[in-house]
Amino acid sequence: MRRKWVGGNWKMHGSRALASSLAGAVVDADIADVDIVLFPPFPYLREACAACAGSRVAVGGQDLSEHESGAFTGEVSAAMLRDVGCGAVLAGHSERRRYHHEADAQVAAKVACAMDHALLPVLCVGESLEEREAGRTAEVVSRQLGAVVERCGIAAFERIVVAYEPVWAIGTGRTASPGQAQEVHALLRSQLARDDARIAGSTRIVYGGSVKPGNAADLFAQTDIDGGLIGGAALQATDFLAICAAAR
Ligand code: 13P
């Protein structure tokens, strides 16, 4: 039985005050039986980590450098994220792949770096609308997942969360149907199973893209959907907590 996992990706939203109050509300709700991770913007990690200290809610970075340290202006390292209290980090979010041209090999290097520093990597994969319409969904997500298997090895997937986030469903209000999402999740899991069936059976694969309180339960009820990575709805404590409750 895989434990459900829900992440709240705040993207480039909020303020110090919102970070404290939102993280505080999630901690106060004290939701059991679901692993919850909040991903605030870098400047608000301190507030979120302070609010979550000693609770079962973890905090993560939205991105990390694939380098250990050095002359990389604007970048944040895995060691720095650990240092401020993070337990997780997103790697390869579609907004990083799209606006910052992150390639599969670079994303794989970020996942490796996160693991070296005992951060839980949340590997994001997903196809664009154009790729889906061209019938290339399977090819695209397999390539994105395969790059990390190749770099980190299959055993790494005992400590990686995979997030399937179809680009066309992010922030658009156009959620993948539970069936559409399940189909891709099953595909990702079977790809991992070709290397190791036991590990594939234990890897958490979560869905992201316009998850709301109204559609979360149907998505999370699918066999291969182990929770969600939430964007817009993670900025409202009541919505986010309703989604976390739906994962129980
Ligand atoms: P939305 O929930 O706003 O569609 O965002 C999903 C996402 O990108 C989470 O990482």
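Above this note sits the structure.
Here the structure is a predicted model, which is why all the values come from computation and not from measurement.

A. Looking closely at the site of the ligand. The immediate surroundings of the ligand are formed by 13 residues, with Lys11, Glu165, Gly171, Ser210 and Gly232 found nearest. Separating an oxygen atom of the ligand from a side-chain N or O atom of Asn9 is a distance of 3.0 Å. Protein contact buries 97% of the 310 Å² of open area that the ligand shows by itself. When each cavity is represented as a set of grid points, the ligand is found to reside in the second largest pocket. A per-class count over the shell around the ligand returns 4 nonpolar, 7 polar and 2 charged.

B. View of the state of the cysteines. Inspection of every chain in the model, using the stated rule, returns 0 disulfides. Free cysteine Cys124: the closest other cysteine sulfur is in Cys152, separated by 14 Å. Cysteine Cys244 remains unbridged, with the sulfur of Cys52 as its closest cysteine sulfur at 11 Å.

C. Structural detail: helix H1 (residues 16-29). With 14 residues, H1 should cover 20 Å at 1.5 Å per step; its first-to-last C-alpha distance of 20 Å lies within 8% of that length. Looking only at H1, the buried set comprises Ala19, Leu22, Ala23, Gly24, Val26 and Val27. Among the structural elements, strand E2 (34-39), helix H2 (45-52), strand E3 (57-61) and helix H11 (237-246) are those in contact with the buried residues of H1. Of the residues one or two after H1, Asp30 is the one with positive phi, at around 50°.

D. Structural detail: the layout of surface pockets. There is about 390 Å³ of room inside the largest pocket. In terms of lining residues, the largest pocket is bounded by 14 residues, among which Lys11, Met12, Gln62, Glu95 and Arg96 are the most central. Per element, the largest residue contribution to the lining of the largest pocket is 3 residues, and it comes from helix H4 (residues 94-99). Per-class residue counts for the lining of the largest pocket are 6 nonpolar, 4 polar and 4 charged. Its volume calculated, the second largest pocket comes out at about 200 Å³. If you trace the second largest pocket, you find 18 residues lining it, with Lys11, Ile170, Gly171, Gly231 and Gly232 closest to the centre.

E. Examining the pairing of strand E1 (residues 4-9) more closely. Taking burial as the measure, the 6 residues of E1 include 6 buried ones, the bulk of the element. Side chains Lys4, Val6 and Gly8 project from E1 onto one buried face, and the interleaved Trp5, Gly7 and Asn9 project onto a second face that is buried too. Looking at chain direction, E1 and E2 are connected through 6 bridges and run parallel. Bridged to Val6 within E2 is Ile36. Where E1 and strand E8 (residues 227-230) come together, 4 bridges link them in parallel fashion. Its bridge partner lying in E8, Val6 is registered against Gly228.

F. Quick look at the side chain of Asp226. Secondary-structure assignment places Asp226 in the loop between helix H10 (213-220) and E8. Within polar-contact distance, the side chain of Asp226 engages the side chain of Arg189 at 2.8 Å. The contact partners of Asp226, leaving out residues within four places of it in the chain, are Arg2, Arg3, Lys4, Trp5, Arg189, Thr203, Arg204, Ile205 and Val206.

G. Here's a closer look at the pattern of salt bridges. Applying the stated rule across the entire model yields 17 salt bridges. A salt bridge links Arg2 to Asp226; the shortest N-O distance between them is 2.9 Å. Here the residue Arg2 occupies a position in the segment before E1, and Asp226 occupies one in the loop between H10 and E8, the gap between them amounting to 224 residues. Accessibility expressed as a relative area gives 19% for Arg2, which makes it buried. Overall, Asp226 belongs to the buried group, its relative accessible area being 2%.

Calculation criteria
Residues numbered from 1 in each chain as written. Predicted model: local features only at pLDDT ≥ 70, side-chain atom pairs only at ≥ 80, totals over all residues. Heavy atoms only, no water. Near = heavy atom within 4 Å. Polar contact = N/O pair within 3.5 Å; in protein donor to acceptor, adjacent residues only side chain to side chain. Areas by Shrake-Rupley, 256 points an atom, 1.4 Å probe, with all protein chains shown as cover. 1 Å grid on protein atoms, 1.4 Å probe; cavity = no way out; pocket = protein on both sides within 12 Å on 5 of 7 lines; lining within 4 Å. Sits in = over half its atoms within 2 Å of the grid points. Nonpolar A, V, L, I, M, F, W, Y, C, P; charged D, E, K, R; others polar. Disulfide = S-S within 2.5 Å. Helix = DSSP H or I, 4+ residues; strand = E, 2+ residues; numbered from the N terminus. Expected span 1.5 Å × (residues − 1). Buried < 20%, exposed > 50% of the residue type's maximum accessible area, 1.4 Å probe, protein only. Contact = heavy atoms within 4.5 Å. Points joined across faces, edges and corners; volume = space filled by probe spheres on them. Pairing = 2+ DSSP bridges. Salt bridge = Lys/Arg side-chain N within 4 Å of Asp/Glu carboxyl O.

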